[in-house]
Amino acid sequence: MREGTVTTAAERLGRTQSAVSHSLGKLRALFKDKLFIRDGRSMKPTPRAVELSDEISDALESIRATIDRYQSFVPSETKRIFRVGLLDYHGAMVVPELIKRFRVEAPHASLHVMPSSKEEVGRLVLSRKMDCAITPNFDRPDPNLLLSEVGRDELVCAIWSGSELARQPLTLQSYLEATHIQMSADGRSEGLADKALREVGLKRKVAATIPNYLIIPWVLRGSGLITHCADSIVLLLDEHSQVSFVKAPLELPSMPISLIIHKQMAGDPATAWLKWLIEKIYADREVRKGAARAGSSSHT
């Protein structure tokens, strides 16, 4: 189900391709369904396989978690595959350091970083397609998900440093008169700023939505546009970006950054190790963010 091919599944299981094909034949007879159908170079699950996957995955993971609690996990020896879900700008900030530390601590293991959105991370963690996920402002609670706060971002306004807006303090009037760009992974979601304005009977002009923080410099350059972004982006941009960050002229809530794991995996030593590694990286990041904020004031 995860790998999409018999060959790769056999490699993960440490078995021959023929042995896995033979086991698949037994499963097809047991469930009276083809389960997986060849589609080009991959094997696609049938509706019956999809129906079975969640229950069987939960059962297997529960067994694995129980066994793992009584096994000694040694990062330097494990060959386990870890899957981590991240948003774009967190990926740019965290992935380089995560890979560096991961390779030092677990040289024989594999790390798969998967792009994800707030809307889908819960489902992906629950279905075991991810060992953990990192997302800001997670608002889809589930009793089978464990959340721990690894950091917190403040929302700031980003503007082109050559614009008229950058030459004077940003007031509520100039903020409302300006044209805005909204960050939205699905192209529809309203932002925290829209909710805050609505509470006081105000509304901003949003001309477009974009899904990626990392294209902000190119979107803003040469314009009088405003966009909201997390202050963590200050760690990714330099003076060549021509982006200035200013405090919004309205009160906006900060965004907690949550590390999400499956409740059943809380006692798994490997998952606990990965969680510790990510928490350490975010702790160091908070220190660097504070230093960058103090050193550059409102500009990158």
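The structure this text deals with has already been given above.
Since the model is a prediction, treat every value here as computed from it, not as a measurement. (Residues numbered from 1 in each chain as written. Predicted model: local features only at pLDDT ≥ 70, side-chain atom pairs only at ≥ 80, totals over all residues. Heavy atoms only, no water.)

Caption draft 1: Geometry of the overall build of the protein. A tally of helices and strands in the protein yields nine helices and 12 strands. For the protein, the C-alpha atoms occupy an extent of roughly 70 × 40 × 35 Å along the three principal directions. Within the protein, the fraction of its 300 residues that count as buried is 41%. The contacts in the protein between residues at least 6 apart in sequence include a share of 74% that link residues at least 24 apart. When the accessible area of the protein is evaluated, it comes to approximately 16,100 Å², of which 55% is carbon and sulfur surface. Side-chain charges in the protein split into 41 positive and 36 negative, and the spacing between the mean points of these groups amounts to 5 Å. (Helix = DSSP H or I, 4+ residues; strand = E, 2+ residues; numbered from the N terminus. Buried < 20%, exposed > 50% of the residue type's maximum accessible area, 1.4 Å probe, protein only. Contact = heavy atoms within 4.5 Å. Areas by Shrake-Rupley, 256 points an atom, 1.4 Å probe, with all protein chains shown as cover. Lys, Arg positive; Asp, Glu negative; His and termini not counted. Charge placed at Lys NZ, Arg CZ, Asp CG, Glu CD.)

Caption draft 2: A look at unusual backbone geometry. Of note in the backbone geometry, arginine 128 takes a positive phi value of approximately 65° without being a glycine. Its location among the elements puts arginine 128 in the loop between helix 5 (121-126) and strand 5 (132-136). You can call arginine 128 buried: its relative accessible area is 6%. Positive phi, normally seen in glycine, also occurs at glutamine 242, with a value near 60°. Turning to its location among the elements, glutamine 242 is positioned in the loop between strand 10 (226-230) and strand 11 (243-246). Using a relative accessible area of 30% as the deciding quantity, one classes glutamine 242 as partly exposed.

Caption draft 3: Up close: the packing of aromatic side chains. For the structure on display, the rule yields four aromatic pairs. Aromatic pair phenylalanine 82 and tryptophan 273: ring centres 5.5 Å apart, planes at 55°, arrangement tilted. Of the two residues, phenylalanine 82 is situated in strand 3 (residues 81-86) and tryptophan 273 in helix 9 (residues 269-296); the sequence distance between them amounts to 191 residues. Judged by its relative accessible area of 0%, phenylalanine 82 falls in the buried class. The interplanar angle of 50° and the centroid separation of 5.6 Å between the aromatic rings of phenylalanine 102 and tryptophan 273 together place this pair among those described as tilted. Note that phenylalanine 102 is positioned in helix 4 (residues 88-105) and tryptophan 273 in helix 9, a separation of 171 residues in sequence. Tryptophan 273 sits in the buried class, given a relative accessible area of 8%. Clustering of aromatic rings is evident, with ring pairs tying together Phe73, Phe82, Phe102 and Trp273. (Phe/Tyr/Trp six-rings, centres within 6.5 Å; stacked < 30°, edge-to-face > 60°.)

So far we have only geometry, and geometry alone does not tell us how the molecule works.
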